[in-house]
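# Examining the three-dimensional arrangement
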Amino acid sequence: MRLRNKPWAKDMLQAYPQYVIPSPEQHRGNWGAVFGNDHPLHIEVGTGKGKFITEMAAANPHINYLGIELYDSVIVSALEKLIEAELSNVKLLNVNASELRKYFAKGDVSRIYLNFSDPWPKKRHEKRRLTFKSFLEIYEDILVDKGEIHFKTDNQGLFEYSLLSFSAFGLLLKYISLDLHNSDFEGNIMTEYEEKFSKKGNRIYRCEVQFR
Ligand code: SAM
């Protein structure tokens, strides 16, 4: 993700607390109150500019969505989409995924989406990959029992690494597509990166895995 300096981003995020949750640690164990219902909560980790999470929320009104993104200069584009869409079932957290335990108790989250996560190809950066063991431990600690991770990428190396990481962790591999756009998978909602890289002719890989 190329970062553009947007000095106004912080102020804009703070101006919309109904969409960008301030002090999310206050809602740990009680996210239903934030949405005003007890629908399942799905989160996208590394939501980027928010196309996927906004369109998922529009398509699935009985699911609550949270987009998690580290950089304010990126998440502000997701906020612009939410303001436009006027949906009540999607919100954003401007936080680091390594700290998700601070914001979610065991069982708060029903599903995690990882879309086009940064590949960090160098071995010495392995710990930063969002499918590294320490992140899987975090996901297990916040998901419901038998909770799922749905993962998409165009990066073959990251996909293969992630399948091995999931498998070594004992996750059940429920669904694997080595060419999502030429598969029978229905209802795919594309992310910004997916649009960009599939237009270039890159294959899209996708899997669904489940904690046991
Ligand atoms: N999911 C979007 C898509 O498919 O278009 C964005 C993909 S982009 C390559 C990866 C995003 O993950 C970036 O916006 C990055 O800032 C975010 N990210 C990476 N590590 C993160 C972390 N530890 N916590 C929160 N966000 C993170």
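My aim in this report is to walk through the structure given alongside it, one point at a time. (Residues numbered from 1 in each chain as written. Predicted model: local features only at pLDDT ≥ 70, side-chain atom pairs only at ≥ 80, totals over all residues. Heavy atoms only, no water.)

### Observations regarding the side chain of aspartate 154
With respect to the secondary-structure elements, aspartate 154 resides in the loop between strand S5 (143–153) and helix H7 (156–169). Although aspartate 154 is buried, it makes no salt bridge; lysine 200 carries the closest opposite charge, 7.8 Å away. Excluding residues that lie within four positions of it along the chain, aspartate 154 makes contacts with Phe116, Phe197, Asn202, Arg203, Ile204 and Tyr205. (Helix = DSSP H or I, 4+ residues; strand = E, 2+ residues; numbered from the N terminus. Buried < 20%, exposed > 50% of the residue type's maximum accessible area, 1.4 Å probe, protein only. Lys, Arg positive; Asp, Glu negative; His and termini not counted. Salt bridge = Lys/Arg side-chain N within 4 Å of Asp/Glu carboxyl O. Contact = heavy atoms within 4.5 Å.)

### Focus on the pairing of strand S7 (residues 205–210)
With six of its six residues buried, S7 lies for the most part within the structure. Of the two faces of S7, both are covered, the one formed by Tyr205, Cys207 and Val209 as well as the one formed by Arg206, Glu208 and Gln210. Here six bridges tie S5 to S7, and the two strands are oriented antiparallel to one another. Bridge assignment links threonine 153 to a residue of S7, and that residue is tyrosine 205. Inspection of the sheet shows strand S6 (residues 172–177) paired to S7 by five bridges, in the antiparallel sense. For serine 177, the partnering residue across the bridge sits in S7 and is arginine 206. (Pairing = 2+ DSSP bridges.)

### Remarks on the site of the ligand
Every one of the 19 residues lining the ligand counts as a neighbour, but Gly46, Glu69, Asn96, Ala97 and Thr191 are closest to it. The separation between a nitrogen atom of the ligand and a polar main-chain atom of glycine 46 is 2.8 Å. Between asparagine 115 and the ligand, the recorded distance is 2.9 Å, taken from a backbone N or O atom to a nitrogen atom. With the chains in place, 95% of the 600 Å² that the ligand exposes on its own is no longer accessible. Of the residues in the shell around the ligand, the class split is nine nonpolar, six polar and four charged. (Near = heavy atom within 4 Å. Polar contact = N/O pair within 3.5 Å; in protein donor to acceptor, adjacent residues only side chain to side chain. Areas by Shrake-Rupley, 256 points an atom, 1.4 Å probe, with all protein chains shown as cover. Nonpolar A, V, L, I, M, F, W, Y, C, P; charged D, E, K, R; others polar.)

### Things to note about the nonpolar core
Considering soluble globular proteins, one finds that nonpolar side chains tend to be buried as a cluster. Ranked by internal contacts, the top residues of the largest apolar core, which has 38 residues, are Ile43, Leu100, Phe104, Ile112 and Tyr139. If we skip the residues at most four places from it in the chain, isoleucine 43 touches Leu66, Ile68, Leu100, Phe104, Val109, Arg111, Ile112, Tyr113 and Ile142. Of all hydrophobic cores here, the second largest spans 21 residues; its members include Met12, Val20, Ala78 and Ile189. (Core = buried A, V, L, I, M, F, W, Y, C linked by side-chain atoms within 4.5 Å.)

### Side note on helix H4 (residues 72–85)
Spanning 14 residues, H4 covers 20 Å between terminal C-alpha atoms, matching the ideal 20 Å at 1.5 Å per step. Buried residues along H4 sit in contact with helix H1 (9–14), helix H3 (51–59), strand S2 (64–68) and strand S3 (90–93). Just past H4, the residue glutamate 86 takes up positive phi, approximately 50°. (Expected span 1.5 Å × (residues − 1).)

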